[in-house]
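# A look at the structure
The primary structure of each chain is shown beneath.
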Amino acid sequence: MYRVSDVMTKQVVYLAAETMLDEAARVMKEADIGDVVVTDGATLAGMLTDRDIVVRAVAERADPGTTTIGSIITREVVMIEQHSTASEAAALMRERNIRRVLVCDNDRKLVGIVSLGDLAMQLDPNSALSDISEAAPNV
């Protein structure tokens, strides 16, 4: 039985809420990731995903050079404990209709991110979702 800690991405990228959208997109492209954790000082402000950029910024014709990521982030973040099972993470994603969950340790310190693609690649490497997640770039 896989634990969330077995399938999560451990390298979390943080950006300040004041970061401009074009810079965040560059960081995501260079790191080949589909999300960053957004901070407001030492406080977790939310998460920015590639989908946020498309749906909230591009669709609204926001200027990427003057729009801060803090203005388009998803503020309600969902967390799961790293020792939870991968099945529990999948159930949480299904229940909340989300594709990514922040992973915390026993002290609620952020230690990773688990995505639907991470789960698919570990739980069923032969699934179509795994093929798509593995082949497709995140940004």
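Scroll up to find the structure.
Parameters and conventions
Counting from 1, residues in each chain are numbered in the order their sequence is written. Reporting in this predicted model follows two pLDDT cut-offs: at least 70 for local features of residues, and 80 or more for side-chain atom pairs to be given and counted; totals over whole chains, interfaces and linings ignore these cut-offs and use all residues. Where side-chain values are given, they derive from all heavy atoms of the structure, hydrogens and water being excluded. Only DSSP runs of H or I with at least four residues qualify as helices, and only runs of E with at least two residues qualify as strands; both kinds are numbered from the N terminus onward. Partly exposed describes any residue whose relative accessible area lies between the buried limit of under 20% and the exposed limit of over 50%, with all areas from a 1.4 Å probe on protein chains only and scaled to the type maximum. In this description, contact between two residues means that some pair of their heavy atoms is separated by no more than 4.5 Å. Residue exposure ignores everything except the shown protein chains as possible cover, and the areas themselves are Shrake-Rupley values with a 1.4 Å probe. Polar contact is defined as a pair of N or O atoms within 3.5 Å, subject to the rule that within protein one atom must be able to donate a hydrogen and the other to accept it, and that residues adjacent in sequence are counted only when both atoms are side-chain atoms. Put simply, buried Ala, Val, Leu, Ile, Met, Phe, Trp, Tyr and Cys residues joined by side-chain atoms within 4.5 Å make one nonpolar core. Angles shown run from 0 to 180 degrees and are taken between the N-to-C directions of axes, each axis being a line fitted to C-alpha atoms and, for helices, limited to the stretch in contact. In these notes the angle categories are as follows: under 35 degrees is roughly parallel, over 145 is roughly antiparallel, 65 to 115 is roughly perpendicular, and the rest is oblique. Two helices crossing with the near one rotated counterclockwise from the far one by less than a right angle form a left-handed crossing, whereas a clockwise rotation gives a right-handed crossing. Classification convention: Asp, Glu, Lys, Arg as charged; Ala, Val, Leu, Ile, Met, Phe, Trp, Tyr, Cys, Pro as nonpolar; all other residues, Gly among them, as polar.

## Details of the overall build of the protein
Scanning the protein for helices and strands turns up 6 helices and 6 strands. The buried share among the 139 residues of the protein stands at 42%. By sequence separation, contacts in the protein at least 24 residues apart represent 54% of the contacts at least 6 residues apart. Accessible area of the protein: about 8100 Å², with a carbon and sulfur share of 49%.

## Things to note about the side chain of Asp118
Along the chain, Asp118 falls in helix α5 (residues 116–123). At 2.9 Å, the side chain of Asp118 forms a polar contact with the backbone nitrogen of Ser115. Each residue touching Asp118, except ones within four places of it in the same chain, is listed here: Val7, Met8, Thr9 and Ile113.

## Considering the nonpolar core
One finds Val36, Val38, Leu48 and Ile69 to be the most contacted residues of the largest nonpolar core, which totals 16 residues. Of all the elements in the fold, those that place two or more residues in this core are α2 (21–31), β2 (35–40), β3 (43–49) and α3 (50–58). In contact with Val36, other than residues within four places in its own chain, are Val13, Leu15, Met28, Gly46, Met47 and Leu48. With 13 residues, the next largest nonpolar core counts Ala89, Met93, Val103 and Val114 among its residues.

## Looking at the packing of α2 against α3
Where α2 meets α3, the closest approach of the two axes is 11 Å, and the angle between their N-to-C directions is 150°. As summarised for this structure, α2 and α3 are arranged roughly antiparallel, according to the angle between their axes. The crossing of α2 and α3 is left-handed. Residues Leu21, Ala25 and Met28 of α2 lie in contact with α3, whose contacting residues are Asp50, Ile53 and Ala57. In terms of residue class, the contact of α2 with α3 is made up of 5 nonpolar, no polar and 1 charged.

It is worth stressing that arrangement in space is one thing and function is another; only the former is reported here.
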